[in-house]
Amino acid sequence: KAGVTQTPRYLIKTRGQQVTLSCSPISGHRSVSWYQQTPGQGLQFLFEYFSETQRNKGNFPGRFSGRQFSNSRSEMNVSTLELGDSALYLCASSPGSGIETQYFGPGTRLLVL
Amino acid sequence: LAKTTQPISMDSYEGQEVNITCSHNNIATNDYITWYQQFPSQGPRFIIQGYKTKVTNEVASLFIPADRKSSTLSLPRVSLSDTAVYYCLVGDMGNNDMRFGAGTRLTVKP
């Protein structure tokens, strides 16, 4: 099976812009979670989607949002970008049907100038 | 979600066995213990998962005592390529709200 894929792999934006990141889960996986990783804060949970519904949410401002499509692919959007949003954004998928192991994608490196 | 405590860093030499211990005193009945490995600029990679006693796979072993308040990841005969950050996670694996700790930075020296 192909692994979790994320696009784009690298992105440069300026403050105030918005950005959309995409994640394709492993085939058959229905749960997609998003994480932000920075040197200062480490890996932080953003939110999880299951069957097109947000099931869990971390402590991030409303500028961070996401959605999931019927084919389980997910997108994450960040509006009004701030310098502190520069990070590695990771997506993880799991079956969503019980005891879960999450499998991570390679991440999208976002740089906000 | 149980809070986890791991050493910040560890050093080892090629060929040695490395044991990384994670403390999770308030682990709940439904919680599983999972370990991930992460290389720079890559996503975490699943290593092993367990609930109690001992679990072994082709890359590692996980030892969990009866009280489940700690767990130990054992990496046999490490190589330079095992240099990475290792994360211990404890949580209800039916709930994908995973909280990573700071992780343990393992450096394997020649």
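No experiment lies behind these values; they were computed from the predicted model shown.

Student: So what's going on with the overall build of chain B? Residues and values would help.
Tutor: The helix and strand tally for chain B stands at zero helices and nine strands. Tracing chain B from N to C terminus, the helices and strands come up as β-β-β-β-β-β-β-β-β. The C-alpha radius of gyration computed for chain B amounts to 13 Å, which stays within 12% of the reference 13 Å derived for 110 residues, consistent with globular compactness. Along the longest, intermediate and shortest principal axes, the C-alpha atoms of chain B span 40 × 30 × 25 Å. Total accessible area on chain B is roughly 5500 Å²; 50% of this is exposed by carbon and sulfur atoms. Separation of charge centres in chain B, based on 10 positive and 9 negative side chains, amounts to 3 Å.

Student: Tell me about the state of the cysteines, and please be specific about residues and values.
Tutor: Residues and elements named next belong to chain A. Scanning the entire structure with this criterion turns up two disulfides over all chains. Two residues share a disulfide in this structure: Cys23 and Cys91, whose sulfurs sit 1.7 Å from each other. Since a negative S-S torsion denotes a left-handed disulfide, the Cys23-Cys91 link at about -50° is left-handed. Here Cys23 is found in strand β3 (residues 19-24), whereas its partner Cys91 is found in strand β9 (residues 87-94), with 68 residues between them in sequence. Both residues of the pair, Cys23 and Cys91, count as buried.

Student: Describe in detail the sheet that holds strand β7 (residues 64-68) of chain A, supporting the description with residues and values.
Tutor: All names here are of chain A. Spatially, β1-β3-β8-β7 is the arrangement adopted by the four strands of the open sheet, whose pairing is antiparallel. Two strands lie at the open edges of the sheet, namely β1 (5-7) and β7, each paired on one side alone. Adjacent strand axes in the sheet meet at a mean angle of 20°, parallel and antiparallel pairs treated alike. In this sheet, β3 lies alongside β1 in antiparallel orientation, the contact comprising three bridges. Paired with Thr5 across the two strands is Ser24, which belongs to β3.

Calculation notes
Residues numbered from 1 in each chain as written. Chains lettered and ligands numbered in written order. Predicted model: local features only at pLDDT ≥ 70, side-chain atom pairs only at ≥ 80, totals over all residues. Heavy atoms only, no water. Helix = DSSP H or I, 4+ residues; strand = E, 2+ residues; numbered from the N terminus. Rg over C-alpha atoms; globule rule 2.2 N^0.38 Å. Areas by Shrake-Rupley, 256 points an atom, 1.4 Å probe, with all protein chains shown as cover. Lys, Arg positive; Asp, Glu negative; His and termini not counted. Charge placed at Lys NZ, Arg CZ, Asp CG, Glu CD. Disulfide = S-S within 2.5 Å. Buried < 20%, exposed > 50% of the residue type's maximum accessible area, 1.4 Å probe, protein only. Pairing = 2+ DSSP bridges. Axes fitted to C-alpha atoms, helices over the stretch in contact; angles between N-to-C directions.

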